[in-house]
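For reference, the chains in residue letters:
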Amino acid sequence: MKELFSISCRSSRDDDAHSLFSWNPQGNFLAVASSGFSGTQIVDRQGEKVDEVPAICGSGGDNVAISWDSCGANLAVLQESNSFVSFWNESSQEVTLFDTNLRDPSFMKWSKFESILAIGTLKGNLLLYNHVTKRRIPIMGKHPGKIVSGVWNSYNQLVLVSEDGSLTVSNVAGDTLNQVNLTNTLSEISFVPCGKKGNELQQANDNILCGISDGASLSLFEIDNSNDLQTLDFDVKNGDIVSYEWVDTDFVIVGWSRGKVAAYTVLVNTFEIVRERWSHDLCDNNFTGGVSFSQNLKKITVFEEGTITIFNTEGNIEERLETNNHMHRICWSPDGNILSVATTRNNLFCYIASIPSLGAHSGSKLAYVSSLNQIAYVDMESLSAPSYIKLKYQPSLISIGPTHIAIGVGNRLVVYNHSNYLVEIEAEYNKNIEDISVNGNFAAILVEEQIVLQGIVANHNTEVTKICPKCSNINNETRVTSISLTDDFLLQATHIGTLDYFSLEEWKFLADAQLRHSKEITKIYPNKSGTRALFIDNIGSGHIYNPVSFDLLPLSDFPISVKCVMWDMCNGDVAVVYDGKELHTYVLATNTIHGPSVMKVGPINIDESGKISMVSKTDELDHERNPLHVHDGKISCQCLKTGTLVTVESTIFDVVRSTHDQNMPKNDIRSFARNVALLRLEDAWIDALKIGLKHYWLALANKSMQVMEVDLAIRIYRELGDAGMVFSLQQLSEIEDKHLLAGHLSLILMDDYDHAQALFLTSSKPCTAVDMRVDLMQWEQAVTLATSFAPERTPELLQKYGECLEAQGEYESSLRTYEMAVGALEDMGHIDLGRNIKIYCTRGIARTTLRLGNVAYGIQIVRDIEDKHLCCECASILVSMKQFHDAAVLYEFAGKDDEAAELFIKEKDKRNASRVMEKASSSHLYLSYGSLCEEEGDYKAAVDSYERGNDAMSVIRLCLGKLNDPEKAFSLVRTSTKYRSLRSGVKMVADYCEKKSNFLAAIEFWLISEENDRALELAKSNKCMDNFVELLKDIEDTSTLREVANYYNEHNDAKKAGFFFDKCGEYGQALSSYLKCGEIQHAIDSAGKANNDLLTHRMIDFLMGETDGQTKDPSYVYELYIALGKYADAAKTAIIIAKQYQEIDGDYDAAHRTVYKTINALESHNVPVPRRLREMFVTLHTFEIVKIYARQKSDDHEEIARLLLRVAKFASGLPQHKIRILISTVIECQKGCLRDSAREWATHICSSQDLKKELNRQPKKLKTKIQSVVRRSNHGGAKEKKEMLSACPISGSPIPVTQLECPVTKDMIPMCVCSGRHMELDDWCICPNSGLPALYSHYKRYIESNKVESSNTNSSMTGCEQNDLDCNISTLMQEGQYCAIDPVCKKQVYVEGLKLISPDEAKQYIRKYNEFGLVRNI
C-alpha cells in the first residue's frame, strides 16, 4: 500500500484540529474539511481539486458535519452555530444555502434511500428535509437534550441518541415509533449488518442497533419490538471498548483500551458471545485508535497512533504501515481501493490499497487499469509484454476494439489508438457517460438515455458523430439501460425489457430480431459476432438470447450480483460469469433432445450404466483478481494489488471417481470431464480411448445422443461392440428432421414419452407419435393422435383400445369403443379391407354385451358368428356370471367337451352330462360324474366312471359295498399298480377279507399294504406262515425274519428255520438248523458269512467226521475255504479236488468247473493264481474245446490235432481217458498232416507197456491204425506241416498260434476260450459271461456255428435252468440275434454282446494275468 495523495486543511484555529472527510457513494469524489472554521474541498480520486464549498461568512462556528446523499449527487455541509446548510450539487457544481431555522445544529445525516436530510440540535429538536420536494418536517422536542449521533436503517427509520441517554426511533414523517431512556449514552452507534446465505439475503438484521456504553460491553437494542437494552459482556481484563466494527451478522471486531484487538463470533438474536476467533496485542496500554472494515477487500484495518495494521478476516496480518502522524480516523473508499486517514493535525492522507477492477477485451486484445492513471494493453495472441498508456483522468468506464481503446470519465470520452498509444478523439457531453462499447469503426456512448455513435476511424466514410435513431417499436419515454457493439450490430437494452439489434451497415433496427422481455434488462453481454447475447434483468436473472432462432434460455443458479460476463474466445458457446467472488461457467447447447439449453457446469458423476449427473460448481477467485478474458478455460485476470496480468485455470471440471477408475491418470479423467461438460465431444472421444473404461464410453455415448451427435454415438457403440445399438442408431443417422431425431433419441435415453410425442408432432412425420403410443399400448392417446394425423388407422386403434378397456374391466366403455370402431369402418367405406377388424370388434361386442348382463342378445351374436374360439370366450364369461347351462351349451358347440361336461355335472344334469362324458378326457370329470351317478343310485356307472378317473378308493368301496363284487376289488388290487399303491384301499380289502375269515387273502392284502406285522401275526395265528413267506419274498426287516425263523424252528422245519436265521444274521442258529437237516452247502455259506472262528471250527469238525464219525466230500472243504475267503487254501483244495475228479472219478466237467470257479474267485479278490492251477485250467478247457469241435464234426483236423497235442502232454492227469486221448491225437495228427507228431505219439503208445495193454483192449481197427502209423515211420515221407504263426501279444514276435508262453519274457499268454489259440492284441474281446479273453473273430464264428435251439442245450442243466434257457433263446431268435452257449459257463451268449477292447486294455489284462500267476506251484 502506497500513498496516493495528501491534503492539508486550513483551519481558523491554531490549536490541534482534525479533518472531516466523506466519500460519495460512487467513490468518485472526496469531501474534506477541517473541524475548525474553514471551507470544504472536493477532490477527485487522484487528489485533484474539483471544487470548494466556502465557509458561511459570519457563522464563526466549526464544521460539524459533511454528508453525501444516497445517490452521491449532493453534498451537505453543516457548521456550528449556523442555521444554514450548504448544498453542493455534483452536476452543476454549484453551492446553494438552505435555512433550517434551527439554532445550534449539532447533528446531520442523509437517509440511505431517499434525499431526506435529518438535522438535530443542541436542544433536542429535529428537522427532516426532503431535498427533492423541498418539504421540511420540524419536530420540536424530539429529545430533551443535545442530539449527538444518529443513523438510518434499511427500513428508512432514523435512530437518534442524545447526550442525556435517551434513544428514539422515527419514521420519515418524524413520527416516534419507539423511545427508550438509557442509563448511559451510546457512542459509535451502528446497525448490525444483514447476513447472507449463499447468494440470497436472509431476513435483515438492521433493526438491531449496536453501540458502546461504559465498560467492556456492547449494547444491543431491537428498535422494533423491545424497550430493553441487551448487552454483549466481554472479558473485563481487556479494559474498556474503544472501537468496534461489524464484519458480518455474527462477526465483530473490538479494540480494547489495554491495547488488544480481538475478533468474536456472536449470536445477535440470543445476545450470546460464542467464542473468540483471534486476537492481537498492538500496544502495551492506552489504545486510542480505531477499527475499520472493507467489505470489498474483506480486510480489517486498525490504527494506533502512527501505525496502520491490515488483517484478513482470519486474523493474519497482511500489511503494516508506519506513519509519522497521530491518526484520528480512517475510512475506506466505497470500492475499497483507497484508504483515507485523517490526522489530529488537520491533514488527510490517502493510500491506494487496490487498483480499480476495470478492464475490457476484444478478441485476443485486453486493456485494463494498471494504476489509477494508467492503462495496460496486451495482445494475448502474440503473448507480448504489456504496453502502458498514461491517462489524464482515472477512468470509470473502459472498452476496447480491434484498434482502439475508449475510456469514460464522467462526461468525457477519450479514445486511444492502441498501436501508437495516442489520443485520437476526446469529446465531452452534456451528461455523464453511462456506458461505452467499441468496435472497429465506432465507439457507442450511452449518455442520458441517448446512444451516440462516435466514428473513430479517420478515413471512415461516415459522419464523425451520429445519434442512433430510436427504435420504432418503442416509445420516446423508453430508457436505454445498456449498450454493446459487435462488428456488425449495436445492441441496446431498455428498461421496458426490449433487446434490439441495430444494423450498422443498413443503419436501422432489425425489427425481426427484437426481444421483448417481461423485466427491465440492466446489462447485455453479446458474444463476438452478436449471435448470442447474455443479458441480466432487474431481478438478477440471467438469460441467453439467440436472434436467429429467437430462443430465450434462462440461466439456472445465476448469481445475484454480477460484475462481468466473458465469452470464451475458443468456444463461442461457453460464458463465464463473475460475481465478485466466484466464477460461474455456463455452456450453451444449441441442438439437444430438449431443444436449445444452457447448463451450469461442474464436476460430473458417472455411474456404472454411463448415466451422467452434473453438480454445478463455481470457481473461487481471489478478491484481488479481476477476470477480463477467457480462452479455452484459461482466465486472464487483472491483479488489483500489483496492476499486473495473471492467468488462472478453472478447477471445477472433474469426475467423481469410483472404485473402477482409481488407477486411471487424473489428467485424462479431468480432461474427459472438461470436454464432456463443455460439449467438446470429439476431444472427449480421444480421452475415452486413453481411459478405456466401459462406463466412460457409455457416458460419452449418452451425452452424444443428448446433443444429437448420432455419428459419434455410432462410433462409440461400435467401439463397445454393441451391435444392437449400432444398428438402431444407424437407422436414425439418415433422419434430417431435428425434431424427429430428437424424439427417437429421447426414447432411447430417457423413456420420456410425452416429450418424444411433442417432438414427433412438430416433425415432418407426426404419425411417428401414433406409432410410439401403439408400441406403448397407450391406446387412448394413440386414438386421439390418429384422429388428427392418421384417420385411416382409427378403426384398428379403436379395436385395440376396446380390447384394452375390456381387459381392464371397463365393459361399457369397451362396448362403445368397439361400436365406434365398426362405425368408423363403415364411415370410411373400406369394409372389405377392414374385415378382420370388424370380426374382432364383433367378437368384442358379443363379450362385452354378455358381461353387461344382456345374455340373450350376446348368445345370439355368438351363434350368428359361428366362431368356436368366440364360443369358448363367451362360455367362460357366462361361467363367471354363474350361467352354467348356457355356458355348457356354448362349450359343447365349440367342441370343448371337458368344459361342457363339468358344467352339466355342476348343474346335476346327468342326461346331458352322460352324452358329453363319452368324449371327455379329464380324469377329474370322471370323478365328478361318478359322484353324480352314485348320488342317483347308478352304482355300476359310478364304478366305471371312477375307474376311468383313477379313483381306486371309490371303486374298491363300491365293489365291497353297494355292488357286492369283492372279487373285482381283489383282482384290481392284485393286478393294478395304481390300486396296489393306494394303501388305504388295500387295507379296506384286507379288513374285508379278515372279517370274512379269508385269512390267506387277508395276509396277501396286508402285505400289499405294507402292514407286515399284522400279516405276520395273522399268519402265525392261523398257520399260514408258508403263504406269508411265499407272498413276502424279499423280507428285509430283521425282526420279521427272526420271527419267521423262530416260527419254523418251533414247528421243526429246520431247513426253513436255517434259511431265515441266515437272512437275519443269526448264523450260529442257521448253522445248527442246516446241519440238523443235512443242508451242508447252506451250512458252509452261513459259516462263511459269519467268519467266526468258533463256527468255522464247528463246521470243519462236522466235515471231518468229528461230529458223526462220517468224513464228508472234500469239495465241501473247498467250498468252506471259498466262503471264508481263504483263497490260498481254497486253491490247494481245488487242485486236490480237481485231480480227484480227473484221476479217480473221471469227471472232467466237474474238475473244469472247480478250477474255473477257483481262478475266478482268486482274481476277483486280487489273490495271485498258482501257475499249476492256470495250467490245469488250460488243459481241461483245451479238452473241452476239442469236445466242442468233435460235436460239431469239424473238418479242421489240424486245429483239433494241435489242441490234442497240448492235451496229450498232460494226458497222465486224465487216466481214465488217457488212451482215448492219445489215440485221438494220433488220428487227428494224421488227418491234419502232422505226420511226425502222429508217429511220435503212436510210438509212445506202442512203447509203453501200460498204454500197450490199454491199446490191446481197444477195437482191432483202432489198434491196427496205430500200429500202421508206427510202421510207416521207418519209410520216410512228407515233412510235418508247419504251424501258422501270429504276433505274440507280449513281445510282438511271431509265434505259433497255439503257443501260450512268450519266448522272450517267458510270461504266460492268455488263451482264447473259443479256439484254444493264444490271444492277439488287435482281436481281443472278453466273454461277457465268464470274463475270460477270446479272439473276437473266433468267438463270433463260434456263436454263428453253434447256434442253439431249445433241444440243443447242456444236458447237465436242471429242469428249471433248461426251461429258462429255452425261453431266453427263443426270445433272442425272435429278435434276430444269434445265440450260443458259451464254452466256459454254459450260458447263453450272442454276437451283439461281444465288444472289442483296445490294445492298451489288452496289455493291461496280460500284466494282471501274469501278476495273478506269479505263484508257480503249490
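Novice: How should I be thinking about the overall build of the chain in this particular structure?
Specialist: Along the backbone of the chain there are 43 helices and 72 strands. Summarising its shape, the C-alpha atoms of the chain cover approximately 190 × 90 × 75 Å along the three principal directions. The burial tally for the chain puts 52% of its 1418 residues in the buried class. In the chain, once contacts between residues fewer than 6 apart in sequence are set aside, the share between residues at least 24 apart is 44%. As presented, the chain carries roughly 65900 Å² of accessible surface, and 46% of it is formed by carbon and sulfur atoms. Across the chain, the centroid of the 146 positively charged side chains sits 13 Å from that of the 187 negatively charged ones.

Novice: Is there a simple way to think about the sheet that holds strand β26 (residues 260–267) in this case?
Specialist: In sheet architecture, strand pairing relies on hydrogen bonds along the backbone and comes in two forms, parallel and antiparallel. Spatially, the four strands line up as an open sheet ordered β24-β25-β26-β27, and their pairing is antiparallel. Strands with a single pairing partner mark the edges of an open sheet, and in this sheet they are β24 (241–248) and β27 (272–281). Between one strand axis and the next, the sheet turns through 20 degrees on average, direction left out of account. The pairing of strand β25 (residues 251–256) with β26 spans five bridges and is classified as antiparallel.

Novice: Quick question: what am I supposed to make of the packing of helix α25 (residues 1012–1021) against helix α27 (residues 1038–1050) here?
Specialist: Each packed pair of helices is defined by two parameters, the angle between the axes and the distance between the axes. Contact geometry of α25 with α27 gives a least axis separation of 11 Å together with a crossing angle of 5 degrees. As summarised for this structure, α25 and α27 are arranged roughly parallel, according to the angle between their axes. Together, Asp1013, Leu1016 and Lys1020 of α25 and Thr1040, Glu1043, Val1044 and Tyr1047 of α27 make up the contact between the two elements. Tallied by class, the residues present in the contact of α25 with α27 amount to three nonpolar, one polar and three charged.

Novice: I keep staring at the nonpolar core and nothing clicks. Help me out?
Specialist: In globular proteins that are soluble, nonpolar side chains generally tend to be buried together. Formed by 115 residues in total, the largest nonpolar core has its most connected members in Val989, Phe1005, Met1025, Phe1028 and Met1099. One finds Ala1138, Ala1150, Met1176 and Ile1343 within the second-largest nonpolar core, a separate group that totals 51 residues.

Novice: How should I be thinking about empty space enclosed by the protein in this particular structure?
Specialist: Where empty space is left becomes clear once a probe the size of a water molecule has been rolled over the atoms. In this structure the tally under the stated criterion is four cavities of 30 Å³ or more. When its volume is computed, the largest cavity comes out at roughly 120 Å³. If you go around the largest cavity, the residues you meet are Tyr1156, Ile1159, Arg1174, Phe1177, Val1178, Pro1310, Met1311, Val1313, Leu1332, Pro1333, Tyr1405 and Tyr1409. The set of elements that each furnish at least two residues to the lining of the largest cavity consists of α34 (1148–1164), α35 (1171–1192) and α43 (1399–1411). Per-element accounting of the lining of the largest cavity gives the leading share, three residues, to α35. The residue makeup of the lining of the largest cavity, split by class, is eleven nonpolar, no polar and one charged.

Novice: Sorry, what's going on with unusual backbone geometry here?
Specialist: With the exception of glycine, most residues fall at negative phi, and the peptide bonds are largely trans. Of note, the phi angle at Asn156 is positive, near 60 degrees, even though the residue is not glycine. Topologically, Asn156 is positioned in the loop between β14 (147–152) and β15 (158–162). Among the residues examined, Asn156 registers a relative accessible area of 10% and is labelled buried. One non-glycine residue with positive phi stands out, namely Glu188, at about 55 degrees. Within the fold, Glu188 resides in strand β18 (residues 187–191). Note on Glu188: relative accessible area 51%, which makes it exposed.

Novice: Can you help me understand the environment of Thr1243 in this one?
Specialist: For Thr1243, the location among the structural elements is in helix α38 (residues 1235–1247). The exposure class assigned to Thr1243 is partly exposed, which follows from its relative accessible area of 35%. It is 156 Å that separates the C-alpha atoms of Thr1243 and Asp224, two residues lying 1019 residues apart in sequence. Of note is the side chain of Thr1243, whose polar atom sits 2.6 Å from the backbone oxygen of Arg1239.

Novice: Which parts of the structure should I look at to understand helix α12 (residues 835–851)?
Specialist: Think of an α-helix as 3.6 residues a turn; residues three or four steps apart then line up on the same face. Across its 17 residues, α12 extends 24 Å between first and last C-alpha, which sits within 8% of the 24 Å expected from 1.5 Å per residue. Among all positions of α12, only Ile837, Cys841, Arg843, Gly844, Ile845, Ala846, Arg847, Thr848, Thr849 and Leu850 are buried. The secondary structure elements touched by the buried residues of α12 are α10 (794–807), α11 (811–828), α13 (855–865) and α14 (868–880). Where α12 ends, the next residue or the one after it, Gly853, has phi of about 100 degrees, a positive value.

Novice: Hey, could you run me through the pairing of strand β16 (residues 166–170) in this one?
Specialist: Side-chain direction in a regular strand flips from residue to residue, so the side chains alternate between the two faces of the sheet. β16 sits mainly inside the fold: five of its five residues count as buried. With burial as the criterion, each face of β16 is covered, one bearing Ser166, Thr168 and Ser170 and the other bearing Leu167 and Val169. As defined by bridge partners, β15 adjoins β16 across four bridges and the pair is classed as antiparallel. Bridging across to β16, Leu158 finds its partner in Ser170. Counted between consecutive antiparallel strands, the loop separating β15 from β16 contains three residues, among which Gly165 sits at a positive phi close to 95 degrees. Pairing geometry for β16 and strand β17 (residues 176–181), over five bridges, is antiparallel.

Novice: How do you make sense of the environment of Pro1383 when you look at a structure like this?
Specialist: Within the secondary structure, Pro1383 sits in the loop between β71 (1379–1381) and β72 (1388–1390). Separated by 82 residues in sequence, Pro1383 and Glu1301 place their C-alpha atoms 22 Å apart. With near-sequence residues (within four places) excluded, Pro1383 lies in contact with His1152, His1181, Glu1184, Ile1188, Val1313, Cys1314, Tyr1339 and Tyr1342.

Novice: Would you mind showing me how to read the side chain of Glu90 here?
Specialist: Residue position: Glu90 is located in the loop between β8 (84–89) and β9 (95–99). With near-sequence residues (within four places) excluded, Glu90 lies in contact with Phe29, Gly72, Ala73 and Asn432.

Novice: I'm lost on the pattern of salt bridges in this one. Help?
Specialist: Two side chains carrying opposite charge are able to pair once their charged atoms lie near each other. Per the stated rule, a full pass over the model turns up 31 salt bridges. Between Arg680 and Asp632 there is a salt bridge whose closest N-O contact spans 2.6 Å. Of the two residues, Arg680 sits in the loop between α1 (666–677) and α2 (681–691) while Asp632 sits in the loop between β63 (625–631) and β64 (634–639), which places them 48 residues apart along the sequence. Of the residues examined, Asp632 reaches a relative accessible area of 24% and is grouped as partly exposed. Across the pair Asp867 and Arg843 runs a salt bridge, and its minimum N-O distance is 2.2 Å. Placement of Asp867 in the loop between α13 and α14 and of Arg843 in helix α12 is noted, with a sequence separation of 24 residues between them. On the basis of relative accessibility, which here comes to 14%, the residue Asp867 falls in the buried class. Overall, Arg843 belongs to the buried group, its relative accessible area being 17%. Ionic contacts of the salt-bridge type, sharing partners, join the residues Asp1149, Glu1184, Lys1187 and Lys1386 into one network.

The rules behind each value
Numbering of residues starts from 1 in each chain and follows the order in which that chain's sequence is written. Where local features are concerned, this predicted model is filtered to residues with pLDDT of at least 70; where side-chain atom pairs are given and counted, the filter is 80 or more; whole-chain, interface and lining totals use all residues. Note that water and hydrogens are dropped before the side-chain values are worked out from all heavy atoms of the structure. The helix and strand labels rest on DSSP assignments: H or I over at least four residues marks a helix, E over at least two residues marks a strand, and numbering proceeds from the N terminus. Each residue is placed in one exposure class: buried if its accessible area under a 1.4 Å probe, protein chains only, is under 20% of its type's maximum, exposed if it is over 50%, and partly exposed if it falls in between. A contact between two residues is defined here by any heavy atoms of the two lying within 4.5 Å. Where accessible areas are quoted, they stem from the Shrake-Rupley method and a 1.4 Å probe; at the residue level, only the protein chains shown are allowed to cover. Residues scored as charged are limited to Lys and Arg (positive) and Asp and Glu (negative), so that His and the chain ends carry no count. The atom standing in for a charge is NZ when the residue is Lys, CZ when it is Arg, CG when it is Asp and CD when it is Glu. Should DSSP find at least two bridges between two strands, the strands are regarded as paired. For helices, the axis comes from a line fit to the C-alpha atoms of the stretch in contact; other axes are also lines fit to C-alpha atoms, and the angle between any two N-to-C directions lies between 0 and 180 degrees. By definition in this entry, angles of less than 35 degrees are roughly parallel, angles greater than 145 are roughly antiparallel, angles of 65 to 115 are roughly perpendicular, and the rest are oblique. Each residue is assigned to one of three groups, with Ala, Val, Leu, Ile, Met, Phe, Trp, Tyr, Cys and Pro labelled nonpolar, Asp, Glu, Lys and Arg labelled charged, and all others, Gly among them, labelled polar. For this analysis, a nonpolar core means a set of buried residues of the types Ala, Val, Leu, Ile, Met, Phe, Trp, Tyr and Cys, connected via side-chain atoms within 4.5 Å. Using a grid of 1 Å spacing that covers the protein atoms alone, one calls a set of points a cavity when a 1.4 Å probe fits there but cannot get out, and a pocket when the set is open and has protein on both sides within 12 Å along at least five of seven lines; lining residues are those with an atom within 4 Å of a point. Grid points are joined across faces, edges and corners, and a volume is the space filled by probe spheres set on the points. Residues adjacent in sequence count toward polar contacts only when both atoms are side-chain atoms; beyond that, a polar contact is any pair of N or O atoms within 3.5 Å, and within protein one must be able to donate a hydrogen and the other to accept it. Here, expected helix span is obtained from the residue count minus one, scaled by 1.5 Å. A side-chain nitrogen of Lys or Arg and a carboxyl oxygen of Asp or Glu constitute a salt bridge if their distance falls within 4 Å.

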